Each structure stands twice: as structure tokens, then as C-alpha cells.
Amino acid sequence: MVRTTLSKLGDPPLCAFSERLIMAPRRLSRLQRQILTCLMAEYRRTPGGTILGHYELVQALGRDKSDVSHSLRTLEARGVILISRTAGGQANTVNRTSEGQNLTSEIA
């Protein structure tokens, strides 16, 4: 139960959940780390850093498409990757943002 009273300083009290959001480090799942590593390897493999397609990424990881798609949406929401979409809204290509490049260099 969250109390609605104000503290002595006049600020509303923080609930335990919001404190965890503030203090928790950004964690990546194993699949998310594999996605970023695969994108980094593809960038290094090709001159000019060719953008990897969604379908090729699913095949390279050997994982279920729905799992990869969910992880991609999570990474996109965090601003780590950029997914370009077709006119129908399907994921077409995946590329790392500058934040994603920094994060990938920390992982590797």
C-alpha cells in the first residue's frame, strides 16, 4: 500500500517500484545482447556498415521470430536500435543508434 501523505519536505513519498526504476541499471537479456553483438559483427564485416534485415537477423540468431521481434521492440523503445519499416508496418532493416554503438562497445 502506498501512502499518500507528504513528507516533511513537502515531496510526495516514493513507492518501492519507482525507487527501483530510478536505481536499477539498464539490463539486457541474453537475446538482446546477442542481437547487438550480431549487429556489431555485421557492421564490421561489411565495408560501410551494411544494415542488417530483420529476417536475416532471425536466421543468424537461430531463434523464434516472435522472441526476436519482442526484443527488437524493447531495444527500439530504449533508443538502442532503429527499425525501419515497410509501408505495411513490418520491420525491414535494423541498425544501431549512437547509444546502441556505445552500449555494444561496453558488451564486447
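Details of the structure are given in the entry above.
Since we're looking at a predicted model, the values are computed, not measured.

Rules and cut-offs
- Residues numbered from 1 in each chain as written.
- Predicted model: local features only at pLDDT ≥ 70, side-chain atom pairs only at ≥ 80, totals over all residues.
- Heavy atoms only, no water.
- Pairing = 2+ DSSP bridges.
- Helix = DSSP H or I, 4+ residues; strand = E, 2+ residues; numbered from the N terminus.
- Axes fitted to C-alpha atoms, helices over the stretch in contact; angles between N-to-C directions.
- Parallel < 35°, antiparallel > 145°, perpendicular 65-115°, else oblique.
- Contact = heavy atoms within 4.5 Å.
- Nonpolar A, V, L, I, M, F, W, Y, C, P; charged D, E, K, R; others polar.
- Core = buried A, V, L, I, M, F, W, Y, C linked by side-chain atoms within 4.5 Å.
- Buried < 20%, exposed > 50% of the residue type's maximum accessible area, 1.4 Å probe, protein only.
- Salt bridge = Lys/Arg side-chain N within 4 Å of Asp/Glu carboxyl O.

S.K.: Lay out the sheet that holds strand 2 (residues 81-85) in plain terms, naming residues and giving numbers.
M.R.: As summarised here, the arrangement of the three strands in space is 1-3-2, forming an open sheet in which the pairing is antiparallel. Either end of the sheet is taken by a strand with one partner, and the two such strands are strand 1 (52-53) and strand 2. As defined by bridge partners, strand 2 adjoins strand 3 (residues 91-96) across five bridges and the pair is classed as antiparallel. Considered in strand 3, the bridge of Ile83 is made with Val94.

S.K.: I'd love a proper account of the packing of helix 2 (residues 30-45) against helix 4 (residues 65-77), names of residues and values included.
M.R.: In the contact formed by helix 2 and helix 4, the axes pass within 10 Å of each other and the chain directions differ by 80°. Judged by the inter-axis angle, helix 2 sits roughly perpendicular to helix 4. Residues Leu31, Gln32, Ile35 and Leu36 of helix 2 pack against Asp67, Val68, Ser71, Leu72, Thr74 and Leu75 of helix 4. Looking at side-chain class alone, the contact of helix 2 with helix 4 contains six nonpolar, three polar and one charged residues.

S.K.: Tell me about the nonpolar core, residues and numbers included.
M.R.: Ile35, Leu57, Leu61, Val68, Leu72, Leu75 and Ile81 are the most contacted members of the largest nonpolar core, which totals 17 residues. Elements with a contribution of two residues or more to this core: helix 2, helix 3 (54-61), helix 4 and strand 2. A per-element tally of this core places helix 2 first, with five residues.

S.K.: Describe the pattern of salt bridges, and please don't skip the residues or the numbers.
M.R.: Under the counting rule described, the total for this entry stands at two salt bridges. In this structure, Arg85 engages Glu76 in a salt bridge whose closest nitrogen and oxygen atoms are separated by 3.0 Å. Look at Arg85 and you get partly exposed, because its relative accessible area is 41%. We classify Glu76 as partly exposed; its relative accessible area is 25%.

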